[in-house]
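# Survey of secondary and tertiary structure
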Amino acid sequence: MNKFLVGALAAALCAPMAVAAPAQKRVPLNREAKMRVKIDSLMSVMTLEEKIGQLNLPVAGILTGDARSENVAENIRQGHTGGVFGTIGAQACHDLQRIAVEESRLGIPLIFGLDVIHGLETTYPIPLAQAASWNMPLIEEAARAAATEASAMGIAWVFSPMVDVCRDPRWGRIAEGPGEDPYLGSEIARAMVRGYQGNDLADSTTVMACVKHYALYGAPEAGRDYNSVNISRQTAFNDYLPTYKAAAEEGAGSYMASFNDFEGIPATANKYLITDVLRDLWGFDGFVVTDYTGIAEMVPHGLGNFEDVTLRALDAGIDMDMVSEGFKNVLPKAIAEGKVTEAQIDAACRRILEAKYKLGLFDDPYRYCNPAREQGAVYTDADRQLARAMAPETMVLLKNDSQLLPLEGKEKIAVIGPLGDSPDNMFGMWSMADERVKPVSVYQGLKSALGADRVKFAKGCNALSDDALEAKLSARGGLERDNRMPQQLRAEALALAAESDVIIATMGELMNMTGEGASRADITIPEPQRQLLADLAATGKPVVLVLFTGRPLVLTGEAQLADAILNVWFAGSEAGDAIADVLTGKVSPSGKLPVSFPYHVGQVPVYYNHKSTGRPHPQGQPYIKYRSNYQDIPNDPLYPFGYGLSYSTFEYSPVTLSKERMGTHDICRASVTVTNTGTRKAKETVQLYIRDRQASSTRPVMELKGFEKIELAPGESRTVTFPVGARELSFYNHELEYVLEPGEFDIMIGSASNATQSALLTVE
Ligand code: BGC
């Protein structure tokens, strides 16, 4: 087929072309001019040491890595500190800010950062769960609420959104991100940046976003945290970089460099990623911070001594050094020796001062750390209601034989399993919430929904068979080990099951089996729990598996044992009540998987938007030799991307196109009519996928290019229409040009990546 490239050619093979200058949201001109005047005059009186001081970010308070920062207060006083992270609370931040403002020579305010990953004191569902909601306004609202709460607690800068696309569920940090898809991930990146930053960073209830982990951190080899990333530039541009780019387009104020290397260079020293792509190609004009000890870690990475790696980080475009103190200790001497120019330091210092200016810190350094404002702004009823309303939208009903859920007509309910009455484990990883604020458990939630006399609990087993690991993973005192003999725990659970009408098996991962430094090779429910589930199923009583997880688990065995499976991830502050809302039918679950659940760990990475190969295996067929398939397992995941049931049912009409042929600059409209054919009002996410049938490079078998979440009453129909044009059909070709190549495209719409109807569009 004759191919036609849209747009100009890239200047060089290594640099993908910019299609259009990104639509950055900028500070209005007069404010930008005022900012320049202010910062010019401030920098004209700053010593070199004070400028370098702005590039230094120590941790004080909550430690999120092994290293700690010493002499934090004294360094602030000496002007050796630009910001602080890990400190929570208006008073604690105020105390440090006062040192900066009143005791340092120039009184430059600090910027306070924190990992506000899914809320702070009010905890929302973990990010992977939020991705399962496919509800962008809701995700934006939760980020907005988190910003309002965090900004009242001293925080002006959040280390979020984490937009690392990930296709390997062994990686524990998949829980923190948007899942496997660049399109869904990009929409989430935009929604979260909007939520955090609002329309005006100078509003004291908005915070600056820090997009992480730039870049490609979600593709570590073998799913092992911090491991090397080995993917091509073309794959990076098509599949992994779009989320970070979307955040830049939305005006994100800062980025965090990732720990991994890319093309042999750790991201922290990767000039191509930070300067060529992020700044020059995408037009990002904010500041870039390292990750925790990101500079120091380049020594064991093998990139040289501490001085070498520090200079490489600055040269790559890093502005702020988190915890390593490389900039603070190495740069003064490097300047004297002529290894670094003052202009390089000025550029980094200016970007950090600009961030502070945009946040209004020069107008009022205490605007985010006013203890009076904090009163009444934290863990509010409104935020808790939002957390409760969000949770059911994130829960994915994976199986529901004979409409076992919702629990209607079931009088006696047995909650059985180690996660049934474990408030601490409801938060999910990266929860900074005060320990006094405890979520209710599933057991408590069901009791208050149905009455204490109808609901009973038995633990049934400990979460893990490895006592030492379980003790380590049970944060905050966490899940208490039951020291009775396993047989006793099991007997108690079976006795309870025998006298109940339905079993709610509350099982899965402890929250600390997910998140940073939590890679797992065996991604199943831990062994004692699987055994318990088998014993419960053998009673013949109906079993609902309420699954807690921060990653796709292999549920192939459980899918045969349980009659229904509700994946609740980790739902945060309101988990127990929200799970009860769904189990009792007050709300229909409406989550759809943002990531594939493998049939077997040996399939990993398994993702819906894979390529075809030259010897594709016909779907649904048994093993065929000389085809791309396995002898012992199917190619397909157990539960695919986009999948999720509801308490209602939906019917899709065939796909219609407004035109079947079009030019490269045209837009076609693809529509379906969706009807609620069930008996309940419920939400459905309608998904648009495309397949480029022939192209100059191999293309995925399908790619998400649009979605809409709608709510329909029983019997109600709605027509959903998606535009299909250059935005949906273009890709980065082998030369890294962003092109729309004419040819045939399948336009698919449906309720999941494996349940679509399709129409053919020809682009001429
Ligand atoms: C993590 C980041 C986090 C930082 C600060 C690092 O270990 O990789 O995601 O923002 O610590 O807590």
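Below is a short write-up of the structure.

About the criteria used
- Residues numbered from 1 in each chain as written.
- Predicted model: local features only at pLDDT ≥ 70, side-chain atom pairs only at ≥ 80, totals over all residues.
- Heavy atoms only, no water.
- Helix = DSSP H or I, 4+ residues; strand = E, 2+ residues; numbered from the N terminus.
- Rg over C-alpha atoms; globule rule 2.2 N^0.38 Å.
- Buried < 20%, exposed > 50% of the residue type's maximum accessible area, 1.4 Å probe, protein only.
- Contact = heavy atoms within 4.5 Å.
- Areas by Shrake-Rupley, 256 points an atom, 1.4 Å probe, with all protein chains shown as cover.
- Lys, Arg positive; Asp, Glu negative; His and termini not counted.
- Charge placed at Lys NZ, Arg CZ, Asp CG, Glu CD.
- Core = buried A, V, L, I, M, F, W, Y, C linked by side-chain atoms within 4.5 Å.
- Near = heavy atom within 4 Å.
- Polar contact = N/O pair within 3.5 Å; in protein donor to acceptor, adjacent residues only side chain to side chain.
- 1 Å grid on protein atoms, 1.4 Å probe; cavity = no way out; pocket = protein on both sides within 12 Å on 5 of 7 lines; lining within 4 Å.
- Sits in = over half its atoms within 2 Å of the grid points.
- Nonpolar A, V, L, I, M, F, W, Y, C, P; charged D, E, K, R; others polar.
- Axes fitted to C-alpha atoms, helices over the stretch in contact; angles between N-to-C directions.
- Left-handed = near helix turned anticlockwise from the far one by under 90°.
- Points joined across faces, edges and corners; volume = space filled by probe spheres on them.
- Disulfide = S-S within 2.5 Å.
- Pairing = 2+ DSSP bridges.
- Salt bridge = Lys/Arg side-chain N within 4 Å of Asp/Glu carboxyl O.
- Expected span 1.5 Å × (residues − 1).
- Arc of directions from axis to C-beta.

A few words on the overall build of the protein. Scanning the protein for helices and strands turns up 22 helices and 27 strands. Expected size for 764 residues packed as a compact globule is a radius of gyration near 27 Å; at 26 Å, the protein falls within 12% of this value. Projected onto its principal axes, the C-alpha coordinates of the protein cover approximately 80 × 70 × 45 Å. Residues counted as buried form 61% of the 764 residues belonging to the protein. Residue pairs at least 24 apart in sequence account for 78% of intrachain contacts in the protein once pairs closer than 6 positions are excluded. Carbon together with sulfur atoms contributes 49% to the accessible area of the protein, which is approximately 27600 Å² in total. With 73 positive and 95 negative side-chain charges, the protein shows a spacing of 2 Å between the two charge centroids.

Moving on: the nonpolar core. Grouped together as the largest cluster of nonpolar side chains are 212 residues, with contacts concentrated most on Trp157, Tyr214, Tyr255, Leu446 and Leu583. Considering every element that reaches this core, the biggest residue donor is helix α6 (residues 136–152), with nine residues. With near-sequence residues (within four places) excluded, Leu583 lies in contact with Leu405, Pro406, Leu407, Val442, Leu446, Ile504, Val544, Val546, Leu566 and Tyr647.

Around the ligand sit 14 residues, and of these Thr64, Asp115, Arg173, His213 and Asp291 come closest. One of the side-chain nitrogen or oxygen atoms of Asp115 is found 2.4 Å away from an oxygen atom of the ligand. In this structure, an oxygen atom belonging to the ligand sits 2.6 Å away from a side-chain N or O atom of His213. The protein chains hide 99% of the 310 Å² of surface that the ligand would expose on its own. Given that more than half its atoms are within 2 Å of the pocket grid, the ligand belongs to the second largest pocket. Split by residue class, the shell around the ligand holds seven nonpolar, two polar and five charged.

With their axes 7 Å apart at the nearest point, α6 and helix α7 (residues 182–197) run at an angle of 35° to one another. Along this stretch, α6 crosses α7, giving a crossing that reads as right-handed. Counted together, Met136, Ile139, Glu140, Ala143, Arg144, Ala146 and Ala147 of α6 and Leu184, Glu187, Ile188, Ala191, Met192, Arg194, Gly195 and Tyr196 of α7 form the full contact between these two elements. Residue composition of the contact of α6 with α7, grouped by class: ten nonpolar, one polar and four charged.

Of the voids in this model, the largest pocket is the one considered here, and its volume is about 1000 Å³. What lines the largest pocket is a set of 33 residues, and nearest its centre among them are His610, Gln619, Asn635, Asp636 and Val701. When grouped by side-chain class, the residues that make up the lining of the largest pocket number 13 nonpolar, 15 polar and five charged. Around the second largest pocket, the lining comprises 39 residues; the ones closest to its centre are Thr64, Trp430, Asn512, Glu516 and Gly517. Residue assignment for the lining of the second largest pocket shows that the elements contributing at least two residues are β5 (208–214) and α17 (467–473). Class assignment for the residues of the lining of the second largest pocket results in 19 nonpolar, eleven polar and nine charged.

Taken as a whole, this structure holds four cavities of 30 Å³ or more when the rule is applied. Empty space within the largest cavity amounts to approximately 70 Å³. As for the largest cavity, its lining consists of Ile117, Pro127, Gln130, Ala131, Ile139, Ser160, Met162, Glu176, Gly177, Pro178, Ile188 and Met192. Looking at the lining of the largest cavity element by element, the count peaks at three residues for helix α5 (residues 127–133). Broken down by class, the residue content of the lining of the largest cavity amounts to eight nonpolar, three polar and one charged. Quantified by volume, the second largest cavity comes out at close to 40 Å³.

Each disulfide consists of one covalent bond between the sulfur atoms belonging to two cysteines. Across all of its chains, the model carries zero disulfides by this definition. Counting only cysteine sulfurs, Cys369 is the nearest neighbor of Cys93, a cysteine outside any disulfide, at a range of 6.2 Å. What makes Cys93 buried here is its relative accessible area of 0%.

Before going further, it helps to examine the pairing of strand β11 (residues 396–400). Counting buried positions over the five residues of β11 gives five, a clear majority of the element. Where β11 meets strand β16 (residues 564–567), four bridges bridge the pair, whose relative direction is antiparallel. Across the sheet, Leu397 pairs through a bridge with Leu566, a residue of β16.

Turning our eyes to something else, we now look at the pattern of salt bridges. Counted by the stated rule, this structure contains 52 salt bridges. Between Glu103 and Arg98 there is a salt bridge, with its nearest N and O atoms 3.1 Å apart. With relative accessibility at 31%, the residue Arg98 sits in the partly exposed group. Of the charged contacts, one joins Arg233 and Glu263 as a salt bridge, the two residues approaching to 2.7 Å between their closest N and O atoms. Taken together, the residues span a long stretch of sequence, with Arg233 in helix α8 (residues 233–240) and Glu263 in the loop between β7 (261–262) and β8 (265–266) at a distance of 30 residues. With a relative accessible area of 41%, Glu263 lands in the partly exposed category.

The terminal C-alpha atoms of helix α19 (residues 527–538), which comprises twelve residues, lie 17 Å apart, in line with the 16 Å expected from a rise of 1.5 Å per residue. Along α19, the residues classified as buried are Pro528, Gln529, Leu532, Leu533, Asp535 and Leu536. The buried side chains of α19 occupy one side of the element, clustering within an arc of 165° when seen end-on. Immediately downstream of α19, the backbone of Gly540 shows phi near 85°, a positive value.

Across the sheet, which stays open at both edges, the five strands sit in the order β19-β27-β26-β21-β22 with mixed pairing between neighbours. Looking at which strands have only one partner, the edges of the open sheet turn out to be β19 (661–662) and β22 (703–712). Bridge count between strand β21 (residues 682–692) and strand β26 (residues 743–752): six bridges; the pairing is antiparallel. The residue of β26 that forms the bridge with Tyr689 is Met748.

Okay, the sheet that holds strand β9 (residues 287–289) next. Strand order in this open sheet of six strands is β2-β3-β4-β5-β6-β9, and the pairing throughout is parallel. Edge positions in the sheet fall to β2 (83–85) and β9, since each of these pairs with one other strand and no more. Note that β5 and strand β6 (residues 254–257) share three bridges and pair parallel. Looking at the pairing, Cys210 lines up with Ser254 of β6.

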